[in-house]
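Residue-level structure breakdown
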Amino acid sequence: MFSLPKFKIEKKFEKYSKETVKQTVGWGLIESKIPQSWIMSEGEGITIAVIDTGHPVHEDINPEQIMEWKGHNKMSAIKPHNAIEGENFIEYEDIYDKNGHQTHCTGIICAQNNELGMVGIAPKSKCISIKALDSKGFGTPNSVLKALEYAKKIKPDIISMSLGSSSAYPPMHKVIKDLYEMNIPVVCAAGNSGQAGVSYPAAFEECIAIAAYDSAGRIANFSSKGEEVDWACPGVNISSTFLNNSYARLSGTSMACPFMAGIIALMLAKHRKLEKSGIYNDCIEVESIRKHLLKYTDDKGAVGKDNSWGYGVIDVISTLKAIENPEPEPEPEPEPEPEPEPEPEPEPEPEPEPEPEPEPEPEKDSKIKNWLQKNIAWVVAGVFGIITAVLAIINFTDDKISIPEPPPLEYDFDKKFEKEMKDYLDKKWKDQ
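Let me sum up the structure you'll find in this document. The shown structure was predicted, so the numbers you read here are calculated from the model rather than taken from an experiment.

This part covers the pairing of strand β3 (residues 47-52). Burial within β3 is extensive, with five of its six residues counted as buried. In the sheet, β3 pairs with strand β9 (residues 158-161) via four bridges, with the strands oriented parallel. Its bridge partner lying in β9, Ile-51 is registered against Met-161.

Structure representation (C-alpha cells):
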C-alpha cells in the first residue's frame, strides 16, 4: 500500500483573508533567495509531473478566465494555467484533488507570481497532474505503477512524488530505472518516520531523496533518516495553495520534495535558455544534474554526506550564476613525455690477441753456407782428388790407341754437387 507521509496542517487561510489578499513569500523562498534567482530563471518551458492526490483547482495556479471590455467588444482575458490535467488511476474518483495534498505540492512548485496569495519557486513552469492516490491519501502499488508508466509515456522534464511505502515494489523500480535512463530525475519525499528509515520509492538509488528542515536551520524531527537521503529542503510551516482557493501551512517531507523539484526546474530552464544561444548544455543526464547540484551545495550536519541532511542544502543563486558564467574547465596538464631509456653503452669489443709472429724459418742458403764453411777442407780435397785421378788415367793410356774424343762436357759438376748438397740438407732439415 502506498500513502501520503503523515503531514501536519499547521494553519489554513481562507481566500481574501488578510494573510492572502496580498502576495506573501514564504520563509523557505526567502532563506533560499529564490526571488533573487528569478532574474536568471523562472522555470520557463519546464514540465513537472506531480504524482499525488489529483488535479488542483486554484486561482493562484490556474486563474479563471476574466471577461474584459475592449472598445465595444467583450473579450476574454486569457491567463496562463500552470497546472495541466494528466491522467487518473483511481477508478472510483475523478481526477480532481479532494484531499488538498497535491494542490499544496503543486503550489510550492508553480503558484503564479501574480501579487495574490503566495508564489511558487518556478512560477513559469508547468505541472502535469497524475492522480495515483485517493481523497484519503491512499493508493495501490498498481495505481502508482500505472502513474509512473504514464509519466514515462509523456516524458516530463522532472517527476515529483510526495508519497511512500515501507517496502520496495520491483515493477516500480524497473520503471524508475527506465526513467533514469531517459534522463528524467525522479524527486521523492524521504518520509516522515524519523529514525524508521527512508521510504520507497525514495530509497531507490535512481531517485533523489529529500529530507525536511525548519526555519531555524534544524533538521525536522519527523524527517526520515538514512544513507539514502540526498539533500534537505524547507519542509516545516510551508505556506501554499489548498482546497477551495484557500491557503495552508503544512509540514512534512511532502513539502520539501516539490521544493527541490522547483529548484531543479529553475536550473534546467536556465541551461536550456543558454543552449538556445549556442552554449553547450552539460546538465542533461540525471547524474550530471546531481553533480551540478552537489557542486553548489552547502554542507550541513556532520561533515560530508550524513543520514539526516544528505549532502546538505542547495545554494540556488550560485547554481544559476555558475550556469550563466561557467567556470572554464582547467586544461589538463600535458603528460610529461617519458624520458628515453638510456641506450646501453656498447661493450668494447675485446682487442684481438696478437697472433704470435711465426718464427722466421732459417734461411736454407745460410745453412748451406755454414755447412760449406765447416767442411770446406774436405770439399777442396775431394775436388783435387778427382782431378788427379783423371790426369792419371790420361797419362796411363797408350798413344797408339786412339781414343775417340769425348763429346764436349755439358755437365756442370759444380752445379750438380751444389744441387745434391742442397737436397741433402733440405731432407735433413725436414727430418729435424
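The rest of the description comes next.
Turning our eyes to something else, we now look at the pattern of salt bridges. All told, the structure shown has nine salt bridges when counted by the stated rule. With a closest N to O distance of 2.9 Å, Asp-178 and Lys-152 form a salt bridge. Pair noted here: Asp-178 is in helix α5 (residues 170-181) and Lys-152 is in helix α4 (residues 141-154), with a separation of 26 residues, a long-range link. According to the relative accessible area criterion, Asp-178 is partly exposed, its value standing at 21%.

Now for the nonpolar core. Ranked by internal contacts, the top residues of the largest apolar core, which has 53 residues, are Ile-48, Ile-158 and Ile-264. Residue contributions to this core peak at 14 residues, all from helix α6 (residues 253-276). Residues contacting Ile-264, with those up to four places away along its chain left out, are Ile-158, Val-187, Ile-208, Ile-289 and Leu-293. Counting 36 residues, the second-largest nonpolar core is a separate cluster that includes Ala-49, Ala-151, Ile-184 and Val-198.

This structure, assessed with the given rule, holds five aromatic pairs. Between Trp-27 and Tyr-213, the aromatic rings sit 6.1 Å apart at their centres with planes inclined by 70 degrees, giving edge-to-face as the arrangement. Note that Trp-27 is positioned in helix α1 (residues 27-31) and Tyr-213 in strand β11 (residues 208-213), a separation of 186 residues in sequence. A relative accessible area of 2% means that Tyr-213 is categorised as buried. Geometrically, the ring pair formed by Tyr-213 and Trp-309 is tilted, given 5.3 Å between the ring centres and 40 degrees between the ring planes. Linking Tyr-213 in strand β11 with Trp-309 in the loop between β15 (297-298) and β16 (313-314), this pair joins segments that are 96 residues apart in sequence. The pair formed by Tyr-213 and Trp-309 is uniform in burial state, with each residue classed as buried.

Before going further, it helps to spend a moment on the pairing of β9. Of the two faces of β9, the one carrying Ile-158 and Ser-160 and the one carrying Ile-159 and Met-161 are both buried. The pairing of β9 with strand β10 (residues 186-189) spans three bridges and is parallel. Bridging from a neighbouring strand, Met-161 pairs with Cys-188 of β10. Chirality of the crossover, the property in question, places the unit of β9, α5 and β10 among those that are right-handed.

Turning next to the side chain of Thr-253. The topology assignment puts Thr-253 in helix α6. A relative accessible area of 0% places Thr-253 in the buried class. Here the side chain of Thr-253 touches Asn-192 through a polar contact of 2.9 Å, side chain to side chain. For Thr-253, the contacting residues outside a window of four places in its chain are Ala-189, Ala-190, Gly-191, Asn-192, Ile-210, Ala-211, Ala-212, Phe-222 and Ser-223.

Across the interface, α6 lies against helix α7 (residues 286-295) with an axial gap of 12 Å and an inter-helix angle of 105 degrees. One finds that α6 runs roughly perpendicular with respect to α7. In this structure, α6 contributes Ile-264, Met-267, Leu-268 and His-271 to the contact, and α7 contributes Ile-289, His-292 and Leu-293. Per-class residue counts for the contact of α6 with α7 are five nonpolar, two polar and no charged.

What counts and how
- Residues numbered from 1 in each chain as written.
- Predicted model: local features only at pLDDT ≥ 70, side-chain atom pairs only at ≥ 80, totals over all residues.
- Heavy atoms only, no water.
- Buried < 20%, exposed > 50% of the residue type's maximum accessible area, 1.4 Å probe, protein only.
- Helix = DSSP H or I, 4+ residues; strand = E, 2+ residues; numbered from the N terminus.
- Pairing = 2+ DSSP bridges.
- Salt bridge = Lys/Arg side-chain N within 4 Å of Asp/Glu carboxyl O.
- Core = buried A, V, L, I, M, F, W, Y, C linked by side-chain atoms within 4.5 Å.
- Contact = heavy atoms within 4.5 Å.
- Phe/Tyr/Trp six-rings, centres within 6.5 Å; stacked < 30°, edge-to-face > 60°.
- Right-handed = clockwise from strand over helix to strand, strands pointing away.
- Polar contact = N/O pair within 3.5 Å; in protein donor to acceptor, adjacent residues only side chain to side chain.
- Axes fitted to C-alpha atoms, helices over the stretch in contact; angles between N-to-C directions.
- Parallel < 35°, antiparallel > 145°, perpendicular 65-115°, else oblique.
- Nonpolar A, V, L, I, M, F, W, Y, C, P; charged D, E, K, R; others polar.

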